[in-house]
Protein chains: 2
Amino acid sequence: MHSAGFLANLMARKFAARLQHEVRDLGLAPAQFMVLAEMAERDGLTQRQLVERLEVEQATMANTLARMERDGLIRRAISDADRRAKCIFVTDKGRSRLEIAFQRAQKVNAIATSDLTSQETEMFVNLMNKVIETLKRH
Amino acid sequence: MHSAGFLANLMARKFAARLQHEVRDLGLAPAQFMVLAEMAERDGLTQRQLVERLEVEQATMANTLARMERDGLIRRAISDADRRAKCIFVTDKGRSRLEIAFQRAQKVNAIATSDLTSQETEMFVNLMNKVIETLKRH
DNA sequence: TCCTTTTGCATAGCGTGCTATATAAATAGA
DNA sequence: TCTATTTATATAGCACGCTATGCAAAAGGA
């Protein structure tokens, strides 16, 4: 059968495909949704802070934010405290998409684990966290 | 905390990063390794067969194979039975890389699950398979 | 103060994934 | 047989992940 690494890759693609299908009509791509969702908790973060929270490389985030700004989902303003840094703000358009997208993302997660018991789902999340931590350390 | 979908994505990236780090000196990218590993079991498959076995879209496979041919890892020959189809063969260069890469990939999987008991690892794989199947059905 | 290092972001270049579309060969149906 | 459909591959165009690099601002040290 397939290795854990193969399955991890396939599963992530299936999750992404499903999420993309759900938020497609909102004009949102998966990574864009993640950024919006993160900023729902706290607006005005810098790119650096988003990089730390979403655990992607700085260049990846810069490109994603550039696409989001192009699409009018966010705006960027040079920080008063540090003229290198840019604070990211969700636009009204971004906010209007976010709430619907958030519900649909929850639906995707619910669907994905719908054949698991609640104990299995908890175990599933715990095991993924454990594997992620282990891979980070090596 | 993070959702299952977020964790699935992060975990897959950590697996890929680790694999890439391991096979980098062999001039192999992760997807290229997957193709070689599949053909280790059976050489001369068509692109279509590889698409089914590795569960990626046809266009994705076509591009990956084009890069592998460019890098001299495989060669493609028009099938005798069907002049539309192209049979894929591993070159000597590809085969020489494969064996080492295979061991290193096993190492990555071993590292990733090194903080799990054997029961947990089995559970982990089973849960991923279950979630994948569920997502495929919806 | 001046110089070095660090930090925040942008850009270039690439691999891998996707959808949509094109093209040619094989197959099926009339 | 002749046409219509299906099948195998290729290509265009995009999102998103990465590494490597460059640049400007901030911070630190002499």
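Values in this document were obtained by computation on a predicted structure and should not be read as measured data.

**Focus on the overall build of chain A**
Then step 1. From N to C terminus, chain A includes 6 helices and 2 strands.
Then step 2. Walking chain A from its N terminus toward its C terminus, one meets helices and strands in the order α-α-α-α-β-β-α-α.
Then step 3. Relative to its 138 residues, chain A shows a buried fraction of 34%.
Then step 4. Considering only intrachain contacts with a sequence separation of at least 6, the fraction spanning at least 24 residues in chain A is 51%.

**Some words on the protein's contact with DNA strand C**
Then step 1. The environment of DNA strand C is made up of 29 residues, and the closest members are A:Gln47, A:Arg48, A:Ala59, B:Ala29 and B:Ala59.
Then step 2. Contributions of two or more residues to the surface near DNA strand C are made by α1 (4–23), α3 (47–54) and α4 (58–70) of chain A together with α2 (30–41) and α4 (58–70) of chain B.
Then step 3. Grouping the amino acids of the surface near DNA strand C by side-chain chemistry returns 10 nonpolar, 9 polar and 10 charged.

**Some words on the packing of α1(A) against helix α6 (residues 118–137) of chain B**
Then step 1. Look at α1(A) against α6(B): their axes get within 9 Å of each other, and the N-to-C directions meet at 30°. The pairing of α1(A) with α6(B) is recorded here as roughly parallel in orientation. The hand of the α1(A)/α6(B) crossing is left-handed. Residues A:Ala4, A:Leu7, A:Ala8, A:Leu10, A:Met11, A:Lys14, A:Phe15 and A:Arg18 of α1(A) form the contact with α6(B), whose participating residues are B:Phe124, B:Val125, B:Met128, B:Asn129, B:Val131, B:Ile132, B:Leu135 and B:Lys136.
Then step 2. Looking at the contact of α1(A) with α6(B) residue by residue, the classes come out as 12 nonpolar, 1 polar and 3 charged.

**Let's talk about the relation of the copies chain B and chain A**
Then step 1. Superposing chain B onto chain A takes a rotation of 180° combined with a translation of 0.0 Å along the rotation axis, leaving an RMSD of 0.0 Å. On this basis, the relationship between the two copies can be described by a two-fold rotation axis.
Then step 2. Here 100% of the interface residues in chain B have copies in chain A that are interface residues too; the copies meet face to matching face.

**Brief notes about the protein's contact with DNA strand D**
Then step 1. In the vicinity of DNA strand D there are 29 residues, among which A:Ala29, A:Ala59, B:Gln47, B:Arg48 and B:Ala59 approach most closely.
Then step 2. Looking at the surface near DNA strand D, the elements that each hand over two or more residues are α2 (30–41) and α4 of chain A together with α1 (4–23), α3 (47–54) and α4 of chain B.

**Regarding α6(B)**
Then step 1. Across its 20 residues, α6(B) extends 29 Å between first and last C-alpha, which sits within 8% of the 28 Å expected from 1.5 Å per residue.
Then step 2. Within the sequence span of α6(B), burial applies to B:Phe124, B:Leu127, B:Met128, B:Val131, B:Ile132 and B:Leu135. Looking down the long axis of α6(B), one finds its buried residues gathered within 135° of arc, a one-sided arrangement. In α6(B), those exposed residues whose orientation departs by more than 90 degrees from the buried face are B:Ser118, B:Gln119, B:Glu122, B:Glu133, B:Lys136 and B:Arg137.
Then step 3. Where the residues of α6(B) are buried, they touch α1, α5 (92–112) and α6 (118–137) of chain A.

**Overview of the environment of B:Gln106**
Then step 1. As for its position among the elements, B:Gln106 is in helix α5 (residues 92–112).
Then step 2. Along the sequence, B:Gln106 and B:Leu19 sit 87 residues apart, while their C-alpha atoms lie 9.6 Å from each other.

**Quick notes on the interface of chain B and chain A**
Then step 1. On the chain A side, the residues contacting the 40 residues of chain B number 40 residues.
Then step 2. Contributions of two or more residues to the side of chain B that touches chain A are made by α1, α5 and α6 of chain B.
Then step 3. With 14 residues, α1(B) is the single largest residue contributor to the side of chain B that touches chain A.
Then step 4. Across the side of chain B that touches chain A, the residue classes break down as 24 nonpolar, 9 polar and 7 charged.

**Here's the deal with unusual backbone geometry**
Then step 1. For A:Glu55, which is not a glycine, the phi torsion comes out positive at approximately 55°.
Then step 2. By the element assignment, A:Glu55 lies in the loop between α3 and α4.

**Some thoughts on the environment of B:Ala105**
Then step 1. Its place among the elements puts B:Ala105 in helix α5.
Then step 2. With 23 C-beta atoms packed within 10 Å, B:Ala105 lands in the buried category.
Then step 3. Each C-alpha atom of the pair B:Ala105 and B:Val23 lies 8.2 Å from the other, and the pair is 82 residues apart in sequence.
Then step 4. In contact with B:Ala105, other than residues within four places in its own chain, are A:Gly5, B:Leu19 and B:Phe33.

Parameters at a glance
Residues numbered from 1 in each chain as written. Chains lettered and ligands numbered in written order. Predicted model: local features only at pLDDT ≥ 70, side-chain atom pairs only at ≥ 80, totals over all residues. Helix = DSSP H or I, 4+ residues; strand = E, 2+ residues; numbered from the N terminus. Buried ≥ 20, exposed ≤ 12 C-beta atoms within 10 Å, placed from the backbone. Contact = placed C-beta atoms within 7 Å. Near = placed C-beta within 6 Å. Nonpolar A, V, L, I, M, F, W, Y, C, P; charged D, E, K, R; others polar. Axes fitted to C-alpha atoms, helices over the stretch in contact; angles between N-to-C directions. Parallel < 35°, antiparallel > 145°, perpendicular 65-115°, else oblique. Left-handed = near helix turned anticlockwise from the far one by under 90°. Least-squares fit on C-alpha atoms with pLDDT ≥ 70 in both. Expected span 1.5 Å × (residues − 1). Arc of directions from axis to C-beta.

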